[in-house]
Amino acid sequence: SFTRIAVCLSILHYSVEALFHLSRLLYFADKLQVVSYSFKLWNVLFVLARLGSITLSVLTFWYGLAAHQTAQLNVAEGNFNTQIIRINCLAAICLLQAWMMWNFINFHLRRMREKAAEAAALRKKGGQGGVRTKKPKKEVKEKEDVSELPEVDQNTKKGLVHRPTKASPKVK
C-alpha cells in the first residue's frame, strides 16, 4: 500500500499551494507589501517542495520499499510492491514534478521578458521627448480627480458643448 507516501506528497504539495492562493487573495485585497513577501516566499517554497517530493519519492520507492518487495502482485492483500509498479510510480512522480517546474520556470521567464519590454518602452518614450517639463499642480490635481470617477463620468467634459447664452433682459 502506497497510501503513506501519497499522503506525505499531498501534504507537501498542497501546503505550498495554500500559500500561493493566500498570496493571490492578499493581492486582490491590495495588501501590496505583504503580497511581495508572500510571493517571494512561495517561489522559494515551490522549488523546495518539488525537490523534496523527488527526494522523498526516490528514498521511498527506490530504497525503502525495495527491501520488502514481493515477486508477484497480490491484489487480495493490497500489496502492490513489485519492482515494475515501484519504478513506474517513481517515474510518474518525477515526470510530474519536472512538468510543474517547467511551467514555473517558463512563467517567470515570460514575466521577466514582459517587464524588460515594458521598461524599454518607458525608456524609449521618455528619451524622445527630451527635457521633461513638470505639469502644473492644478492640471495634475484635476487629472487625479477625473481618474477617480467612473468611466462614464470621466468623459462628460469631452461631450459637453458650451454654448454662449444670451443675456436675459432684466425685468424692471
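Refer to the structure above for everything that follows.
The structure displayed is predicted, hence computed values, not measured ones.

Student: An account of the overall build of the protein chain is requested, with residue identities and associated values reported.
Tutor: A count of helical and extended segments in the protein chain gives six helices and zero strands. Traced from its N-terminal end to its C-terminal end, the protein chain shows the element sequence α-α-α-α-α-α. Residues counted as buried form 16% of the 172 residues belonging to the protein chain. Long-range contacts, defined here as pairs at least 24 residues apart, represent 61% of the contacts in the protein chain between residues at least 6 apart.

Student: How would you explain the packing of aromatic side chains if you had to name every residue and give the values?
Tutor: Under the defined criterion, the tally for this structure stands at seven aromatic pairs. Ring geometry for tryptophan 42 versus phenylalanine 46: centroids 5.4 Å apart, planes at 50°, classification tilted. With tryptophan 42 and phenylalanine 46 both in helix α2 (residues 32-64) and four residues apart, this pair spans about one turn of that helix. A residue is classified by how much of its surface remains accessible, and phenylalanine 46, at 6% relative accessible area, is buried. On the basis of an interplanar angle of 70° and a centroid distance of 5.5 Å, the ring pair of tryptophan 42 and phenylalanine 104 is categorised as edge-to-face. Within this pair, whereas tryptophan 42 is found in helix α2, its partner phenylalanine 104 is found in helix α3 (residues 83-128), the two being separated by 62 residues in sequence. Residue tryptophan 42 is classed as buried on the basis of its relative accessible area of 8%. Its relative accessible area of 12% is what places phenylalanine 104 among the buried residues. Joined through ring pairs, the aromatic side chains of Phe20, Phe39, Trp42, Phe46 and Phe104 make up one cluster.

Student: Could you give me a rundown of unusual backbone geometry, with the residues and numbers involved?
Tutor: For aspartate 30, which is not glycine, the phi dihedral falls at a positive 60°. If you trace the backbone, aspartate 30 turns up in the loop between α1 (3-28) and α2. Residue aspartate 30 is classed as exposed on the basis of its relative accessible area of 61%.

Student: Account for the environment of isoleucine 105, naming residues and giving values.
Tutor: If you trace the backbone, isoleucine 105 turns up in helix α3. Here isoleucine 105 falls in the partly exposed class, since its relative accessible area comes to 42%. Considering only alpha carbons, one finds isoleucine 105 and valine 47, 58 residues apart in sequence, at a separation of 9.9 Å.

Student: So what about the side chain of histidine 13? Which residues, and what values?
Tutor: Position of histidine 13 among the secondary structure elements: in helix α1. Beyond its immediate chain neighbours, meaning those up to four positions away, histidine 13 contacts Arg50 and Met100.

Student: Tell me what's going on with α2, and back it up with residues and numbers.
Tutor: For α2, with 33 residues, the first-to-last C-alpha span of 45 Å sits near the 48 Å given by 1.5 Å per residue. Within α2, burial applies to Val35, Ser38, Trp42, Phe46, Ala49, Arg50, Ser53, Ser57 and Phe61.

Cut-offs used in this document
Residues numbered from 1 in each chain as written. Predicted model: local features only at pLDDT ≥ 70, side-chain atom pairs only at ≥ 80, totals over all residues. Heavy atoms only, no water. Helix = DSSP H or I, 4+ residues; strand = E, 2+ residues; numbered from the N terminus. Buried < 20%, exposed > 50% of the residue type's maximum accessible area, 1.4 Å probe, protein only. Contact = heavy atoms within 4.5 Å. Phe/Tyr/Trp six-rings, centres within 6.5 Å; stacked < 30°, edge-to-face > 60°. Expected span 1.5 Å × (residues − 1).

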